[in-house]
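Structural overview
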Amino acid sequence: MSAPSLHPTALTQAAAHWHALQRQGDVTPAQQRAFMDWLLVSPEHLREYLVISETAGALGEALRAMPIDLDALLAAPAAQGTGDNVVQLPARALRAAAPAPARRRWLPGIAAAAALLMAVGIGTPLAWPHTTRYVAAHGTPRQIELSDHSVLHLNAESEVSVRMSLFGRRVELERGQASFVVAPDRRPFAVHAGGLQVTDIGTTFDVALLREQARIAVSEGRVQVHGDGGRGRLLADLSAGKVAQVDYRDQRVQLRDEDAASMIAWWQGRIVFRDEPLREVADRFNRSNTLRLRVGDDAGALRLTGNLRADDLGSLRAFLDQQPALVIQQRADGIHVRMRDVAESVVKKNSSN
């Protein structure tokens, strides 16, 4: 009886290629269409893909169960005199990785594959990857329920693209600010913004593209933030009540605590800012108002703390008038703000005495 071949078939190699690409996560629309074309050629393709997925999962579980130091194992010199490079796994790991009998294991898989192929064959659109773009215009934030029942809160002057497929949920925040209340689903949910990938781990979180930084705030659950579009290092692991601001240039991370109510206050039309530059506060007000707040370069870095309605320019004007370092002038094209010079400071001080 001849030994079984250790060389994978062309079908197995193709299935492994597509599995690796899907696991990587950064799949182009053209690649996703090609994958779906390949998957739907026959039940054998889908069955082989499921075999690869299950094998990869079992191997990962086996490796995690091994009570040995893998780094030390890899660094150790090769064993002498064995004639091969086979390393015996512990019995517990072998049991975890051992496949079930083929017939019993794959009967449900074949049925599922047939059901999926039949559903696609009769034209079910949900099985095909699809991308939807959502835009919120000036002064009109939106709330949208996505096809997976997640809820997207899109701030005014913001834009996202949402791509749903059989194997993932991917959001591109192209400008502005968005919050996500993520529905439970086996598919990963990832937001790409400002060169970062924010991966949901069962949570509610907010992502905003500021002038010089991306801000990620978690009001419930947990997210992980990776650089280089998801291919880079882990920059932050955020739990509820944590905020990370990541610089666009060098991906330097600043962390701080913030209460959940402040993170999502903009859903109710309020702007909460704590020790934030005036230029960024102005950007947030300008999303909602026709009369714009115009901040001079000298005043943009002044840091302020406040809690105001987004559409209440009267309260904003009163708040700014209380800042002794600022001069406020209302003109036809907006509210102009600049730093007070020395002479003006003396006059203001004398007039107040």
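Cut-off values and rules
- Throughout this document, residue positions are counted from 1 along each chain, in the order its sequence is written.
- Totals for whole chains, interfaces and linings use all residues, but because this is a predicted model, local features are given only for residues with pLDDT of at least 70 and pairs of side-chain atoms are given and counted only at 80 or more.
- Water and hydrogen atoms were dropped before computing side-chain values, which therefore reflect all heavy atoms in the structure.
- Helix and strand assignments follow DSSP, with helices taken as H or I runs no shorter than four residues and strands as E runs no shorter than two, numbered in order from the N terminus.
- Under the scheme applied here, a residue whose accessible area is under 20% of the maximum for its type counts as buried, over 50% as exposed, and between as partly exposed, the area being computed with a 1.4 Å probe on protein chains only.
- Contact between two residues is taken to exist if any of their heavy atoms lie within 4.5 Å; hydrogens are not considered.
- Per-residue accessibility takes into account occlusion by the displayed protein chains alone, with areas from the Shrake-Rupley method and a 1.4 Å probe.
- Grid points spaced at 1 Å and placed over the protein atoms alone form the basis of the search, with a cavity being a set where a 1.4 Å probe fits but cannot get out and a pocket an open set showing protein on both sides within 12 Å along at least five of seven lines. Lining residues have an atom within 4 Å of a point.
- Grid points are joined across faces, edges and corners, and a volume is the space filled by probe spheres set on the points.
- Strands are labelled as partners when DSSP assigns at least two bridges between them.
- The axes are straight lines fitted to the C-alpha atoms, using for helices just the contacting stretch, and the angles between their N-to-C directions are given from 0 to 180°.
- One speaks of a salt bridge when a side-chain nitrogen belonging to Lys or Arg is within 4 Å of a carboxyl oxygen belonging to Asp or Glu.
- This arc describes the spread of directions from the helix axis toward the C-beta atoms.
- Polar here means any residue other than Ala, Val, Leu, Ile, Met, Phe, Trp, Tyr, Cys and Pro, which are nonpolar, and Asp, Glu, Lys and Arg, which are charged; Gly is therefore polar.
- For every residue, the pLDDT score states the predictor's confidence, bounded by 0 at the bottom and 100 at the top.

Thoughts on the overall build of the chain
Within the chain, the secondary structure is distributed over 10 helices and 19 strands. Across the 353 residues of the chain, 39% fall into the buried class. The long-range share in the chain, meaning contacts at least 24 apart out of those at least 6 apart in sequence, stands at 49%. Within the structure as shown, the chain displays about 20000 Å² of accessible surface, and the carbon and sulfur contribution to it stands at 55%.

Quick notes on unusual backbone geometry
The phi angle at Glu157 is positive, at roughly 55°, despite the residue not being glycine. By the secondary structure assignment, Glu157 is in the loop between strand E3 (151-154) and strand E4 (158-164). You can call Glu157 partly exposed: its relative accessible area is 26%.

Side note on empty space enclosed by the protein
All chains considered together, the criterion is met by 1 cavity of 30 Å³ or more. Taken as a whole, the largest cavity spans an internal volume of roughly 110 Å³. Every residue lining the largest cavity is counted, 15 residues in all, and those nearest its centre are Arg215, Glu258, Ser262, Met263 and Arg284. At the level of elements, strand E10 (213-220), helix H7 (260-263) and strand E15 (270-277) are the ones that each hand at least two residues to the lining of the largest cavity. At 4 residues, the largest contribution of residues to the lining of the largest cavity is made by E15.

Looking at the sheet that holds strand E19 (residues 334-339)
Taken in spatial order, the 3 strands line up as E16-E19-E18 in an open sheet, and their pairing is mixed. Strand pairing shows two members of the sheet lacking a second neighbour, strand E16 (293-295) and strand E18 (326-331), which therefore form its edges. Averaged over all neighbouring strand pairs, the angle between strand axes comes to 25°, with direction disregarded. In terms of strand pairing, E18 meets E19 through 6 bridges, oriented antiparallel. Within E19, the residue paired with Gln330 across the bridge is Ile335. Relative to E18, helix H9 (residues 313-321) is tilted by about 150°, and along the sheet it contacts E16, E18 and E19.

Some details on the pattern of salt bridges
The tally for this structure, following the rule as stated, stands at 17 salt bridges. Across the pair Asp237 and Arg222 runs a salt bridge whose closest N-O atoms are separated by 2.7 Å. Separated by 15 residues along the polypeptide, Asp237 in strand E12 (residues 234-239) and Arg222 in strand E11 (residues 222-226) bring together distant segments of the chain. On the accessibility criterion, Asp237 (40% relative accessible area) is partly exposed.

Remarks on helix H2 (residues 29-39)
Restricting attention to buried positions, one finds in H2 the residues Gln32, Phe35, Met36, Trp38 and Leu39. Mapping the buried residues of H2 onto a view down its axis gives an arc of 160°, with all of them on the same face.

What about the layout of surface pockets?
In this structure, the second largest pocket encloses a volume near 350 Å³. Among the residues making up the lining of the second largest pocket, the classes are represented as 5 nonpolar, 3 polar and 12 charged.

Section: the sheet that holds strand E14 (residues 253-257)
Think of a sheet as strands paired side by side through backbone hydrogen bonds, with each pair either parallel or antiparallel. One open sheet accounts for 7 strands, arranged E2-E3-E6-E9-E10-E13-E14; its pairing is antiparallel. The sheet terminates laterally at strand E2 (142-145) and E14, the two strands that pair on one side only. The mean inter-strand angle of the sheet, taken between neighbouring strand axes irrespective of direction, is 15°. Pairing geometry for E2 and E3, over 4 bridges, is antiparallel. Across the sheet, Glu145 pairs through a bridge with Val151, a residue of E3.

Digging into the pairing of strand E17 (residues 303-309)
Side chains Leu304, Gly306 and Leu308 of E17 all project onto a buried face; the interleaved residues Arg303, Thr305, Asn307 and Arg309 project onto a face where none is buried. Two strands pair when backbone bridges link them, and E15 and E17 are joined in this way by 6 bridges, in the antiparallel orientation. Residue Glu276 lies in a different strand from E17, and its bridge partner there is Leu304.

Looking at the confidence of the model for the chain
For the chain, the average pLDDT comes to 79, and 72% of its residues sit at 70 or higher. Contacts for the low-pLDDT stretch residues 81-87, under 50 throughout, to residues beyond four places or in other chains number 0 contacts.

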